[in-house]
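The lines below spell out each chain.
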Amino acid sequence: METSRLDDLLKGIPGFSISDGIISFNGQIVEKLLIDGVDIAGTNYQILSKNLSASLIDKIKVIPNYSENRILGIIKPSGKVALEIELPSEFKNKINKNI
């Protein structure tokens, strides 16, 4: 299977599934897709997941009990899941909301 884009890469990782562009992890819908900790796509991350080249991805982290307020997320688990995509160091700070 070719893994040219993020969604192709995720399909090959156990626990992930994609249906109509919506990413799920272990049956739970992924609420947010963060790039180096920044939410550049909001809830419309499908465009990003279909177009982000897998070659730009260094690491993928699943964030359980995701909350935009990290302190609140520790105190009151949200039950939401987010993904954080880490870029290789040579690409950090080069992607912004204008892509």
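Scroll up a little and you will see the structure.
What you are looking at is a predicted structure, and each value in this text was computed from that prediction instead of being measured.

## A closer look at the overall build of the protein chain
Within the protein chain one finds 3 helices and 5 strands. Secondary structure elements of the protein chain, listed N to C terminal, follow the sequence α-β-β-β-α-β-α-β. Split into buried and exposed, the 99 residues of the protein chain put 34% on the buried side. Restricting to contacts in the protein chain with at least 6 residues of sequence separation, those with at least 24 account for 58%.

## What to know about the pattern of salt bridges
Applying the stated criterion to the full structure yields 2 salt bridges. Notably, a salt bridge pairs Asp-39 with Lys-32, separated by 3.0 Å at the nearest N-O pair. Given the relative accessible area of 22%, Asp-39 is considered partly exposed. We classify Lys-32 as buried; its relative accessible area is 12%.

## What to know about the sheet that holds strand S1 (residues 16-19)
Here 5 strands make up an open sheet; going across it, the order is S1-S2-S3-S5-S4 and the pairing mixed. Where the open sheet ends on each side, the last strands, each with one partner, are S1 and strand S4 (59-64). When strand polarity is set aside, the average angle formed by the axes of neighbouring strands in this sheet is 40 degrees. The pairing of strand S3 (residues 28-35) with strand S5 (residues 81-86) spans 5 bridges and is classified as parallel. In the sheet register, Lys-32 faces S5, and the bridge partner there is Ala-82.

## Considerations on the packing of aromatic side chains
All told, the structure shown has 1 aromatic pair when counted by the stated rule. Between the aromatic rings of Phe-16 and Phe-25, the centroid separation amounts to 4.8 Å while the plane-to-plane angle is 50 degrees, which identifies the pairing as tilted. The same class applies to Phe-16 and to Phe-25, which are both buried.

## Quick look at the pairing of S3
When strand S2 (residues 22-25) meets S3, the two strands line up antiparallel, connected through 2 bridges. Note that in S3 the partner of Ser-24 across the bridge is Ile-29. Counting the residues that bridge the hairpin from S2 to S3 gives 2 residues, and of these Asn-26 lies at a positive phi of roughly 50 degrees.

## Brief notes about the environment of Asp-36
Tracing the backbone shows Asp-36 in the loop between S3 and helix H2 (46-51). Asp-36 sits 48 residues away from Glu-84 along the chain, and the two C-alpha atoms are 6.5 Å apart. Within the structure, Asp-36 has its side chain in polar contact with the backbone nitrogen of Leu-87 (distance 3.1 Å).

What counts and how
Position labels on residues start from 1 in each chain and follow its written sequence. Given that this is a predicted model, residues contribute local features only at a pLDDT of at least 70 and side-chain atom pairs are listed and counted only at 80 or more, while totals for whole chains, interfaces and linings are drawn from all residues. Side-chain numbers here rest on the full set of heavy atoms in the structure, without hydrogens or water. The helix and strand labels rest on DSSP assignments: H or I over at least four residues marks a helix, E over at least two residues marks a strand, and numbering proceeds from the N terminus. The rule is simple: take the accessible area with a 1.4 Å probe, protein chains only, and divide by the maximum for that residue type; under 20% is buried, over 50% is exposed, in between is partly exposed. Pairs of residues are marked as contacts when any of their non-hydrogen atoms sit within 4.5 Å. For this document, the term salt bridge refers to a Lys or Arg side-chain nitrogen within 4 Å of an Asp or Glu carboxyl oxygen. At least two DSSP bridges between two strands are required for those strands to pair. Lines fitted to the C-alpha atoms define the axes, with helices restricted to the stretch that makes contact. Angles between their N-to-C directions range from 0 to 180 degrees. When the centres of two rings from Phe, Tyr and Trp lie within 6.5 Å, Trp using its six-membered ring, the rings pair. Their planes under 30 degrees apart give stacked, over 60 give edge-to-face, and anything left gives tilted. Whenever two N or O atoms come within 3.5 Å, that pair is a polar contact, provided that in protein one can donate a hydrogen and the other can accept it, and provided that, for residues adjacent in sequence, both atoms are side-chain atoms.

So far we have only geometry, and geometry alone does not tell us how the molecule works.
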